[in-house]
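Listed below, chain by chain, are the residues.
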Amino acid sequence: MKASRAKSRKEKRERATAYHEAGHAVASYRFNHYGGNLTIVPGGNVLGSCVSEGEWADGSTDIEQIIVLHAGYAAEERYDKYAKAPYFEVCDSSSCPCGLSELSDYEKIYCLMRRNGLTGEEFTSQETIRNHSLAIKARKIIDENWQIIEAIAEKLFIYKTLNDTEWSIIIDAFNEGDDWNACFESMRAFGNASS
Ligand SMILES: [Zn+2]
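Residues numbered from 1 in each chain as written. Predicted model: local features only at pLDDT ≥ 70, side-chain atom pairs only at ≥ 80, totals over all residues.

(A) Fine view of the nonpolar core. If you look at the biggest cluster of nonpolar residues, it comprises 42 residues, and the most contacted ones within it are Ala 22, Val 26, Ala 71, Ile 149 and Ile 152. Of all the secondary-structure elements, those providing two or more residues to this core are α1 (2-30), α3 (62-79), α4 (105-115), α6 (133-144), α7 (146-159), α8 (164-176) and α9 (180-194). Ranked by residue count, the leading element in this core is α3, at nine residues. Each residue touching Ile 152, except ones within four places of it in the same chain, is listed here: Ala 22, Ala 25, Trp 167 and Ile 170. (Core = buried A, V, L, I, M, F, W, Y, C linked by C-beta atoms within 7 Å. Buried ≥ 20, exposed ≤ 12 C-beta atoms within 10 Å, placed from the backbone. Helix = DSSP H or I, 4+ residues; strand = E, 2+ residues; numbered from the N terminus. Contact = placed C-beta atoms within 7 Å.)

If you want it as structure tokens, here you go:
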């Protein structure tokens, strides 16, 4: 009884994380950022980054990065509409923009907002950040791409890690009106055969 409860809690957390990462992935794809690998395996498993060090340093994609960061929370919250995604949690997956993997998405958002004069020096609550127009933009992207996010999250939950060609082919298949599941499975089989 106890063991199965623990298992279902772990499964619930993994599913929510899969939606969170799928949200980052789809938003970064829409901005033509490189998305890197996606993983729901915890433990600092940083496999890539969706912005280059140059972009991070010069701030040229800050606004897009803020939206991509919000998109993780937005997808997670839509998946479980009764749970507000914990903004304070560190998202240590590859899909989080900027190299500062030890910071939570919330801290990254705050840091990028400050750099762009979107918030003051004072403490900014999660609620303030959640209600900012850039967070609302992220939720719009999530709503418009919900079927794609569900598809990526489903595969991410099953396989735990997806490389960039595996998840991006799902987006391409939806855009082209192809069978996304067939496209994904043949890409996955191809990747495993050639490695
Ligand atoms: Zn995240």
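There is more to say after this.
(B) Structural context of the environment of Gln 126. Among the structural elements, Gln 126 can be located in helix α5 (residues 126-130). Considered as a pair, Gln 126 and Tyr 110 are 16 residues apart in the sequence and their alpha carbons are 9.5 Å apart.

(C) Representation of the packing of α3 against α6 in the model. Two elements in contact, α3 and α6, have axes separated by 7 Å at closest approach and are oriented at 60°. By the angle class used here, α3 and α6 are oblique. Crossing of α3 over α6 shows right-handed handedness. Where α3 approaches α6, its residues Ile 63, Ile 66, Ile 67, His 70, Ala 71, Ala 74, Ala 75 and Arg 78 are matched on the opposing element by Leu 134, Ala 135, Lys 137, Ala 138, Arg 139, Ile 141 and Ile 142. Taken together, the residues that form the contact of α3 with α6 break down as 11 nonpolar, one polar and three charged. (Axes fitted to C-alpha atoms, helices over the stretch in contact; angles between N-to-C directions. Parallel < 35°, antiparallel > 145°, perpendicular 65-115°, else oblique. Left-handed = near helix turned anticlockwise from the far one by under 90°. Nonpolar A, V, L, I, M, F, W, Y, C, P; charged D, E, K, R; others polar.)

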